[in-house]
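Structure assessment
Okay, here's what each chain looks like letter by letter:
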Amino acid sequence: HELRTPLTSIRAVLGLIEEGVVEPDSDEAKELFQVARISTDRLIRLINDMLDLKKIEAGKMEMLFEDIEAGDLVNDCLRSLAGMAEEHKVNLVAEIEGHFVIYGDRDKTTQILTNLVSNAVKFSPENQSVIVRVRPTKGKTPSKTEMVRFEVADKGPGINEEGLSKLFEKFQQLDSSDSREKGGTGLGLAISKALVDKHNGDIGVYSTVGEGSTFWF
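Scope of this entry: the structure provided in the associated data block. As the structure is a computational prediction, the values presented were derived from the model and not from experiment. (Residues numbered from 1 in each chain as written. Predicted model: local features only at pLDDT ≥ 70, side-chain atom pairs only at ≥ 80, totals over all residues. Heavy atoms only, no water.)

**Some remarks on the nonpolar core**
Residues L113, V117, F150, V152, F215 and F217 are the most contacted members of the largest nonpolar core, which totals 40 residues. At the level of elements, helix 2 (27–57), helix 3 (70–80), helix 5 (106–122), strand 4 (129–137), strand 5 (147–153) and helix 8 (188–198) are the ones that each hand at least two residues to this core. Residues in contact with F150, not counting those within four places in the same chain, are A70, L73, V74, I102, L113, R133, V134, F215, W216 and F217. Core analysis: the second largest hydrophobic core is formed by 8 residues, I10, L32, A36 and L43 among them. (Core = buried A, V, L, I, M, F, W, Y, C linked by side-chain atoms within 4.5 Å. Buried < 20%, exposed > 50% of the residue type's maximum accessible area, 1.4 Å probe, protein only. Helix = DSSP H or I, 4+ residues; strand = E, 2+ residues; numbered from the N terminus. Contact = heavy atoms within 4.5 Å.)

**Re the packing of helix 1 (residues 4–18) against helix 2**
Following both chains from N to C, one finds helix 1 and helix 2 inclined at 150°, their axes separated by 9 Å at the closest point. For the element pair helix 1 / helix 2, the angle class is roughly antiparallel. Like other packed secondary-structure pairs, helix 1 and helix 2 cross with a definite hand, here left-handed. Contact with helix 1, carried on its side by P6, L7, S9, I10, V13, L16 and I17, involves L32, F33, V35, A36, S39, T40, R42 and L43 of helix 2 and no other residues of that element. Residues belonging to the contact of helix 1 with helix 2 are distributed by class as follows: 11 nonpolar, 3 polar and 1 charged. (Axes fitted to C-alpha atoms, helices over the stretch in contact; angles between N-to-C directions. Parallel < 35°, antiparallel > 145°, perpendicular 65-115°, else oblique. Left-handed = near helix turned anticlockwise from the far one by under 90°. Nonpolar A, V, L, I, M, F, W, Y, C, P; charged D, E, K, R; others polar.)

**Comments concerning helix 5**
Taking 1.5 Å per residue, 17 residues should reach 24 Å; helix 5 reaches 24 Å between its end C-alpha atoms and fits that length. By the burial criterion, the buried members of helix 5 are K108, T109, I112, L113, N115, L116, V117, S118, A120, V121 and K122. Capping the start of helix 5 is the job of one residue whose side-chain oxygen sits 3.1 Å from the backbone nitrogen of D107: D105. (Expected span 1.5 Å × (residues − 1). Polar contact = N/O pair within 3.5 Å; in protein donor to acceptor, adjacent residues only side chain to side chain.)

**As for the sheet that holds strand 2 (residues 91–96)**
Spatially, the 5 strands line up as an open sheet ordered 2-4-5-7-6, and their pairing is mixed. If you trace the sheet from one side to the other, it starts and ends with strand 2 and strand 6 (204–208), each paired once. With direction set aside, neighbouring strand axes in the sheet form an average angle of 15°. Bridge count for strand 4 against strand 5 is 7 bridges, and the pairing is antiparallel. Each bridged residue has a counterpart across the sheet, and for I131 the counterpart in strand 5 is A153. (Pairing = 2+ DSSP bridges.)

**Quick word on the packing of helix 3 against helix 5**
Interaxial distance between helix 3 and helix 5 falls to 10 Å at its minimum, and their mutual angle equals 55°. Taken together, the axes of helix 3 and helix 5 lie oblique to each other. The two elements helix 3 and helix 5 meet at a crossing, and its hand is right-handed. Only R106, T109, T110, L113, T114 and V117 of helix 5 make contact with helix 3, whose side of the interface consists of L73, V74, C77 and L78. Of the residues contributing to the contact of helix 3 with helix 5, the split by class is 6 nonpolar, 3 polar and 1 charged.

The quantities given are spatial measurements derived from coordinates; they are silent on function.
Put into structure tokens, the structure is as follows:
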């Protein structure tokens, strides 16, 4: 279904132009070409996400662990998403409670954080803020006493209890039409969870309908 939707859109655009319903050099054609390009981008994202998830599940995702300054990680992520935030008229705010060095894969940790922040931006109302916090926390076991907790808080629509129970499963979009409109593939959170698991970490969310959500790892 996720593959069919953008492919149907692309096929419709090509059909209109092929049959002469729309002139290739017209403004209407330019709009249709943009629709086809956006749908193609969506297909590429979906296929890349599927390949990433399969790699992780098969244990073939290479992990390069190193010391990473958590504040730098957050600031780099927010800089990379500044254009997206500006487009959605959303503010990005970092609240880093100290200097923390974590041990993990830089690219994969950035991917987790980018997934969560970009989701928060997409579902935030205009002129609201997405806040990324970094603070110390304790792990589940005595060997995990010194850990760092990343939080991504938004003022979006929130998630009900039924939605929370299936949030990190593959292709589980809470509102499929809304998620597709906003460019979601239904795999971003599943990939994030798999990558957090590879770091022997935890990931979760707490949310209130109508007030917003906070994803953490």
